[in-house]
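Structural overview for review
Here is how the chains run, residue by residue.
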Amino acid sequence: MKSTVSRVAVLFAAVAATVLGAIPAASAAPAPDQPTMQLSATTADPEGVRFVPGKGQAVPPKITGWDVPNARQYYLEASCNQWAGEIRQGAAAWNQLSEGGGTPVGCQTSYITDCGGTGAIIGCNYGAGGRITLVPTATGQVALLAAHEFGHDWYGHSGDGCANWNSPADVMRTTICG
């Protein structure tokens, strides 16, 4: 895979840490660089996606899937069993993304410390599909968090504002509002 742009992270805002309580930091394995694939002419945000409580859409509408440049696969590690349904909802946002091999998706309950951003990171796609780590306990938007991270298999961030289910560009916005 091409590796020219830093890893992409999901940044959990300090205000969310106050609302949700402290989550101890933990470290994951080192992450490779992620290539950039854009939805539009906007640039990727290497600092990741922020979470802002109190806004946004907690449950996705019926998702039929959006087209992507190429097919990918993922598999859920046992650490994600509790959130498997919501993660699969997020994966369903992308056509040609299927379960059964490819990218390992792991879950943890502590912040991710090796994803290149600063602050409380709650999701990371290492190397555009090399590995995905999620912190589902940090947001009520698990499906949207998963859709956002899976989207980084192909795309960078599309711009500022609250992520939502209206379009692929909206899923890839820089803030998850909950």
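Data block above holds the structure.
Residues numbered from 1 in each chain as written. Predicted model: local features only at pLDDT ≥ 70, side-chain atom pairs only at ≥ 80, totals over all residues. Heavy atoms only, no water.

**Details of the nonpolar core**
- With 40 residues, the main nonpolar core has I87, W94, V105, L134, F150, W165 and V171 as its most contacted residues.
- Among the elements of the structure, strand 4 (72-76), helix 2 (84-91), strand 6 (103-107), strand 7 (111-112), strand 8 (120-126), strand 9 (131-134) and helix 3 (142-151) are those that each provide at least two residues to this core.
- Here the element with the most residues in this core is helix 3; it accounts for 7 residues.
- If near-sequence neighbours (up to four positions away) are discounted, L134 is found in contact with I87, V105, G106, C107, Q108, I122, G123, L145, A146 and E149. (Core = buried A, V, L, I, M, F, W, Y, C linked by side-chain atoms within 4.5 Å. Buried < 20%, exposed > 50% of the residue type's maximum accessible area, 1.4 Å probe, protein only. Helix = DSSP H or I, 4+ residues; strand = E, 2+ residues; numbered from the N terminus. Contact = heavy atoms within 4.5 Å.)

**A few points about the pairing of strand 9**
- As defined by bridge partners, strand 6 adjoins strand 9 across 3 bridges and the pair is classed as parallel. The residue bridging C107 from the neighbouring strand is L134, located in strand 9.
- Pairing geometry for strand 8 and strand 9, over 4 bridges, is antiparallel. The residue bridging Y126 from the neighbouring strand is R131, located in strand 9.
- Turn length for the strand 8-strand 9 hairpin, with the two strands adjacent in sequence and antiparallel, is 4 residues, and the turn residue G127 shows positive phi of about 70 degrees. (Pairing = 2+ DSSP bridges.)

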